[in-house]
Amino acid sequence: MSTLTTAEVTTSTLPSPARTVIRWLVSFSGFPLGGLAAMTIVGPIDGLGAAVIGGLLTGLVLGVVQAWALRLPRRTGLFWTLVTAAGLSLGLAVGASAVGFATGLADLQLQGAISGAAVGLTQAVLLWPRIGRWALAWPVYLAAAWATGWTVTTLIGVAVGEHFTVFGSAGAVTVAALTSMLPLLLRSRPAASSTHRTGSDIR
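Just so it is clear, the model here is predicted, and its values are computed rather than measured.

The rules we used
- Residues numbered from 1 in each chain as written.
- Predicted model: local features only at pLDDT ≥ 70, side-chain atom pairs only at ≥ 80, totals over all residues.
- Heavy atoms only, no water.
- Helix = DSSP H or I, 4+ residues; strand = E, 2+ residues; numbered from the N terminus.
- Buried < 20%, exposed > 50% of the residue type's maximum accessible area, 1.4 Å probe, protein only.
- Contact = heavy atoms within 4.5 Å.
- Areas by Shrake-Rupley, 256 points an atom, 1.4 Å probe, with all protein chains shown as cover.
- Expected span 1.5 Å × (residues − 1).
- Axes fitted to C-alpha atoms, helices over the stretch in contact; angles between N-to-C directions.
- Left-handed = near helix turned anticlockwise from the far one by under 90°.
- Patch = residues over 30% accessible without salt bridge, like charges linked within 9 Å, V, L, I, M, F, W, Y side chains within 5 Å.
- Salt bridge = Lys/Arg side-chain N within 4 Å of Asp/Glu carboxyl O.
- Phe/Tyr/Trp six-rings, centres within 6.5 Å; stacked < 30°, edge-to-face > 60°.
- Polar contact = N/O pair within 3.5 Å; in protein donor to acceptor, adjacent residues only side chain to side chain.

Participant: Would you take a moment to explain the overall build of the protein chain for this structure?
Facilitator: When you go through the protein chain residue by residue, the secondary structure sums to 8 helices and 2 strands. If you list the helices and strands of the protein chain from N to C, you get β-α-α-α-α-α-α-α-α-β. Counting the 203 residues in the protein chain, one finds 47% classified as buried. Contacts in the protein chain between residues far apart in sequence, at least 24 positions, make up 73% of those at least 6 positions apart. Of the accessible surface of the protein chain, which amounts to about 9100 Å², a share of 68% is contributed by carbon and sulfur atoms.

Printed below as a string of structure tokens:
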């Protein structure tokens, strides 16, 4: 991991809670944009290879947008993007395979739960130095949120049979809203004054 040099962060220098949440809500766009990139380059996720590559592409786009929303420093943002991509690639491959690449509601809920848990687990590695034990709950919570995202997308009539990597915009907005406590939690725990901090620390 790299070393980051940081100045003391005080509450007065941080964005307001409302602006912090709004910025995070905008990050919902990473889901449909990432899904579109995967569908364009890889096509339907109907096999293991497509799931691995499609998840990687979607995770890269999602990671970039979330890093922007969290206002991460460039190097930390790169790590966030990479672990998000790795998590979704693994999670989608396992999740889609577990349900035989089926697209029924229960299938997509399980696929989403596994994908969300995998992404949450990899992201928790970066969250741990900053929020401690709260990071342990992140994979479990993200699994539930992503299952909900697929539920919303399916119930509103999106053509989920086309084998997308992630849920659509309605599900993405839902997940962004459900996870909006993350930037607030990070905001409430500003990095302490120090000369050097490890690259895994999110400030």
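Participant: Sorry, what's going on with unusual backbone geometry here?
Facilitator: In most cases, non-glycine residues show a negative phi, while peptide bonds are predominantly trans. For R71, which is not a glycine, the phi torsion comes out positive at approximately 55°. Positive phi is not limited to glycine here, since H163 has a value of about 65°. Its location among the elements puts H163 in the loop between α6 (134-155) and α7 (169-178).

Participant: I keep staring at helix α4 (residues 74-98) and nothing clicks. Help me out?
Facilitator: Two residues of an α-helix separated by three or four positions point the same way, owing to the 3.6 residues in each turn. The terminal C-alpha atoms of α4, which comprises 25 residues, lie 36 Å apart, in line with the 36 Å expected from a rise of 1.5 Å per residue. Immediately beyond the C-terminal end of α4, within one or two residues, lies G100, with a positive phi of roughly 65°.

Participant: Would you explain the packing of helix α3 (residues 48-69) against α4 in this entry?
Facilitator: Angle between the axes and distance between the axes: these two values describe a pair of packed helices. The N-to-C vectors of α3 and α4 enclose an angle of 145°; their axes lie 7 Å apart at closest approach. Helix-helix and strand crossings are classified by hand; for α3 and α4 the assignment is right-handed.

Participant: Where do I start with a nonpolar patch on the surface in this structure?
Facilitator: Taken together, the side chains of L56, L60, L78 and L82 make up a nonpolar region of the molecular surface, amounting to roughly 320 Å² of accessible area. Taken together, the elements giving at least two residues each to the nonpolar patch come down to α3 and α4. With respect to the element layout, L60 can be found in helix α3. L60 gets classed as partly exposed once you look at its relative accessible area, which sits at 32%.

Participant: It is not clear to me how the packing of aromatic side chains should be interpreted in this structure. Could you clarify?
Facilitator: Between two aromatic rings, the relevant description is the distance of the centres plus the angle of the planes. Taken as a whole and judged by the stated rule, the model has 4 aromatic pairs. Measuring from centroid to centroid gives 4.9 Å for F31 and F167, while their planes differ by 40°, and the two rings are tilted. Here the residue F31 occupies a position in helix α2 (residues 30-41), and F167 occupies one in the loop between α6 and α7, the gap between them amounting to 136 residues. Each member of the pair, F31 as well as F167, is classed as buried. Relative to F167, the ring of W150 has its centre 5.9 Å away and its plane inclined at 80°; by these criteria the two rings are edge-to-face.

Participant: Just checking my understanding: could you explain the side chain of T154 for this structure?
Facilitator: In this fold, T154 is placed in helix α6. Judged by its relative accessible area of 19%, T154 falls in the buried class. There is a polar contact of 2.8 Å between the side chain of T154 and the backbone oxygen of W150. Excluding its chain neighbours within four sequence positions, the residues that come into contact with T154 are L105, L108 and V160.

Participant: I keep staring at the environment of T122 and nothing clicks. Help me out?
Facilitator: When you line up the elements, T122 lands in helix α5 (residues 105-131). Linking T122 and P139, residues 17 residues apart in sequence, is a C-alpha distance of 8.4 Å. When sequence neighbours within four positions are dropped, the list of residues in contact with T122 reads V83, T84 and G87. Among the polar contacts listed, one links the side chain of T122 to the backbone oxygen of V83, at a separation of 2.9 Å. Reaching out from T122, the side chain makes a polar contact with the backbone oxygen of V119 at a distance of 2.9 Å.

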